[in-house]
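# Structural overview for review
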Amino acid sequence: MYNKPLTIAATTILLCSPVIILSSCEKKDAGAGQPQALVPDVQVTKLVTEDVPIKAIWIGNLRGTEDAEIRSQVTGYLLSKDYKDGAYVKKGQTLFQIDPRPFQATLEQAQGRLEQYEATLKKYQLDVERYTPLVKSGSVSRKQLDDALQQVQETQAAIATAKAQVDQAKINLKFTTITAPISGLAGLATPSIGNLLTPSSPTPLTTISAIDPIRVDFNPSDKDFLDLSSLDESSNGKKGFKFNVILPNGTLYPQQGYSVAAARNVDTQTATINVVGHIPNPNLILRPGMFVRIQATVKILKNATLVPPRSILSNQSAKFIVYLDDKNIPHMQVVQTGPVVDGMQVIDIIPMPNSTFTKDSPIVVEGIQQAARLQGQAPVNPTPYKHVVSQPVMPSVGAQSFEKAKTPEGMHHDNAQPASK
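The rules behind these values
- Residues numbered from 1 in each chain as written.
- Predicted model: local features only at pLDDT ≥ 70, side-chain atom pairs only at ≥ 80, totals over all residues.
- Heavy atoms only, no water.
- Helix = DSSP H or I, 4+ residues; strand = E, 2+ residues; numbered from the N terminus.
- Contact = heavy atoms within 4.5 Å.
- Pairing = 2+ DSSP bridges.
- Phe/Tyr/Trp six-rings, centres within 6.5 Å; stacked < 30°, edge-to-face > 60°.
- Buried < 20%, exposed > 50% of the residue type's maximum accessible area, 1.4 Å probe, protein only.
- pLDDT = per-residue confidence, 0-100.
- Salt bridge = Lys/Arg side-chain N within 4 Å of Asp/Glu carboxyl O.

### Digging into the environment of Val266
- As for its position among the elements, Val266 is in the loop between strand 11 (257-262) and strand 12 (275-279).
- Sequence separation between Val266 and Ser221 is 45 residues; the distance between their C-alpha atoms is 8.6 Å.
- If we ignore the near neighbours within four places in the chain, the residues touching Val266 are Asp222, Ala271, Thr272 and Ile273.

### Focus: the sheet that holds strand 5 (residues 94-98)
- Strand order in the open sheet formed by four strands is 6-5-3-8, with antiparallel pairing between adjacent strands. Both edges of this open sheet fall to strand 6 (177-179) and strand 8 (196-197), since each of them pairs with a single strand only.
- As defined by bridge partners, strand 3 (residues 76-81) adjoins strand 5 across three bridges and the pair is classed as antiparallel. Bridge pairing links Leu78 to Ile98 in strand 5.

### Digging into the packing of aromatic side chains
- Under the defined criterion, the tally for this structure stands at six aromatic pairs.
- Note on Phe218 and Phe241: the rings are 6.4 Å apart at their centroids and 80 degrees apart in plane angle, and the pair reads as edge-to-face. Here Phe241 lies in the loop between helix 5 (222-235) and strand 10 (242-246) and Phe218 lies in strand 9 (residues 206-218), a separation of 23 residues in the sequence. Neither residue differs from the other here; Phe218 and Phe241 are each classed as buried.
- Taken together, the aromatic side chains of Trp58, Phe218, Phe241 and Phe243 make up a single cluster linked through ring pairs.

### What about the confidence of the model for the chain?
- Looking at the chain as a whole, the pLDDT averages 83, with 81% of positions reaching at least 70.
- pLDDT under 50 marks residues 15-32. Its contacts with residues more than four places away, or in other chains, come to 21 contacts.
- Predicted confidence is poor over residues 390-401, with pLDDT under 50, and the contacts of this stretch with residues over four places away or in other chains come to 19 contacts.

### Section: the pattern of salt bridges
- Taken as a whole and judged by the stated rule, the model has 12 salt bridges.
- Note that Arg101 and Asp99 form a salt bridge whose closest N and O atoms lie 2.9 Å from each other.
- Accessibility expressed as a relative area gives 61% for Arg101, which makes it exposed.
- Between Arg310 and Glu366 there is a salt bridge, and its shortest N-O distance comes to 2.8 Å. Here Glu366 lies in strand 18 (residues 363-366) and Arg310 lies in the loop between strand 13 (291-307) and strand 14 (313-314), a separation of 56 residues in the sequence.
- Salt bridges here are not isolated pairs; linked through shared partners, they connect Lys123, Asp127 and Arg130.

If you want it as structure tokens, here you go:
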């Protein structure tokens, strides 16, 4: 999928460029009569071919899977706070106590009215029972019986209203004891003992968050979301795709999270979509409001070719590796670089005329400058590459740009062909 002009240009650079090839044709002729230099030592390695996961990182914001704002449902004075600020509370546990005495008095008054109406109803019912046979004998007028029946109905309606008032009074009395509606981590209490609490207060008394698991919201791009969805379908995961969590101090959280939902639409301004995930949080280390980094595999490069990043040489127009032929003579090979994954550089080999490069050719990692000076002229002494952790890693080239370079829109000519691995 690469083009012939790029191959020709790379060949020209290899033959004549003083930037990459540190010895020119003129220097070669000038040094014909000089003593033979010592064979330099270089460290070499082999190409690695494997499936490479490409990962993406997004900023995530933590919140409770359930966030319950605790507010007073009645107006009254706060008598006590019955939990410790910041403690874990269980559903039904008492949090606050409002002075119940005014509500107890209101309940007793409502119950008294109800009993009064019930007694009055009994009287009117007895009147109806007594008047009914007397109307037939003419001892009581029909109007007296009708009045008694109407009084029974009115009293029954009053009883229904009184019962509702009793129920409301009971509810208000129950609201004086404020309990936790869910189990979770309780925040700091805002009121002080003796404060007058009202339902219209704009500030909640406290907030309880269910944080095991804890919820995280993050916003992958629409492209990453499609890649994630593709991986999710291929794995048949019931919990969605998994992801790692990097804490604000840079450490990796020991447990993986998993996606549970996504917004119905993509934000047209940012081309991102809100994804909701859950993270196990048994030790309650993660807290609402914390910002973390979410890392997930968005795609897998099949049979990718990898080399140590230190084996890459570059100038303004191309990137190269130095390989050894069967006589340990170094040669340059043009490559297309991709992302750096786990300390290894993903590359794609660009075909070159008369190249002897094979997938088994030793790749120079250390001593690459000395090998470049001798390319095509003299052998070097190869030894196995010894990786040093402190060695700097070259910055990653984005996987998206790497893939774009291998698509028609990233080429200069439709007849370009990729190298076979």
